[in-house]
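Architecture and fold: a report
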Amino acid sequence: MQLVIFDWKWTLYHPPSKQLLPGAKELIEHLHAKDVKMVLVGKDQGGNMDEIVDKLDVRKYFHDIRFIKSAKTPEIFKEYIKELVPDQVWVIGDRIRGEIDTGNKVNARTVWMKVGNFSNEGPRSKEEEPDYTFHSLHDLLGLFGGAGDSAETEADG
Ligand SMILES: [Mg+2]
């Protein structure tokens, strides 16, 4: 694993409480300790997320952080993937019709965090199928060799 492209809201960040989701800090620190490059690509829907990233003290872990008004496109992800082998790249997000769909298009390994408002928006086609599905970041940490529960659910990859 060389690069992880994270979504922000409902993946690492819990908007109602304005806090990180449970397990987010542990996951980021685990990957950071393993020298995995991390980038954050979130949607800019107002609310000054850059300020919140600083307040939660997570900016230091990321190679790049951007909040975009447009949709997440393969071109945006490819800017980070560059010469990396796609299967060394992971894309983690809560939107099937967003991070997962786009991550699949660039041949990354995709992890669907099935939480929040879009947890019922499942894949409609093979192209939208995530490689892994998790309900908590603690469980995802287990997959990455951390001290999670490794209670992986619905994995097919
Ligand atoms: Mg999200």
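See the structure above.
Below is a short write-up of the structure. These numbers come from a predicted model, not from an experiment. (Residues numbered from 1 in each chain as written. Predicted model: local features only at pLDDT ≥ 70, side-chain atom pairs only at ≥ 80, totals over all residues.)

**Concerning the nonpolar core**
Here is the rule: Residues enter a nonpolar core if they are buried, belong to Ala, Val, Leu, Ile, Met, Phe, Trp, Tyr or Cys, and are joined to the set through C-beta atoms within 7 Å. A residue is called partly exposed when the number of other C-beta atoms within 10 Å of its own lies between 12 and 20, exposed at 12 or fewer, and buried at 20 or more, with C-beta atoms placed from the backbone. A residue pair is marked as a contact if its C-beta atoms, positioned from the backbone, fall within 7 Å.
Of all hydrophobic cores here, the largest spans 36 residues; its most connected members are Val-4, Ile-5, Phe-6, Leu-27, Trp-90, Ile-92 and Val-111. Setting aside chain neighbours within four positions, we find Ile-5 in contact with Val-39, Val-41, Phe-77, Tyr-80, Val-89 and Val-91.

**Examining the sheet that holds strand S8 (residues 132-134)**
Test applied: When DSSP finds two or more bridges between two strands, those strands count as paired. For helices the rule is a DSSP run of H or I covering at least 4 residues; for strands it is a run of E covering at least 2, with both sets numbered from the N terminus onward. A fitted line through C-alpha atoms serves as each axis, taken over the contacting stretch for helices, and the angle formed by two N-to-C directions is quoted from 0 to 180°.
Pairing in this open sheet of 6 strands is parallel, and the strands run S5-S4-S1-S6-S7-S8 from one edge to the other. The sheet is open, and its two borders are formed by strand S5 (64-68) and S8, each paired with just one other strand. Averaged over all pairs of adjacent strands, the angle between strand axes in this sheet comes to 20°, irrespective of strand direction. In the sheet, strand S7 (residues 109-113) pairs with S8 via 3 bridges, with the strands oriented parallel. Looking across to S8, one finds that Met-113 is bridged to Phe-134. Those strands touched by helix H3 (residues 74-81) are strand S1 (3-6), strand S4 (37-43) and strand S6 (89-93), and its axis lies near 150° from that of S1.

**A short note on the pairing of S4**
Working note: regular strand, side chains alternate between the two faces of the sheet. Rules: Throughout, right-handed denotes a crossover for which the path from the first strand over the helix to the second runs clockwise when the strands point away from the viewer.
Sheet topology note: the S1/S4 ladder contains 4 bridges and is parallel. Considered in S4, the bridge of Val-4 is made with Met-38. In this sheet, S5 lies alongside S4 in parallel orientation, the contact comprising 5 bridges. The residue bridging Val-41 from the neighbouring strand is Arg-66, located in S5. Following the backbone out of S4, through helix H2 (residues 49-55) and into the adjacent parallel S5, one traces a crossover that is right-handed.

**Details of the pairing of S7**
Burial within S7 is extensive, with 4 of its 5 residues counted as buried. As paired strands, S6 and S7 are joined by 4 bridges and run parallel to one another. Looking across to S7, one finds that Val-91 is bridged to Thr-110. A crossover links S6 with its parallel partner S7, the connecting element being helix H4 (residues 96-105), and its sense is right-handed.

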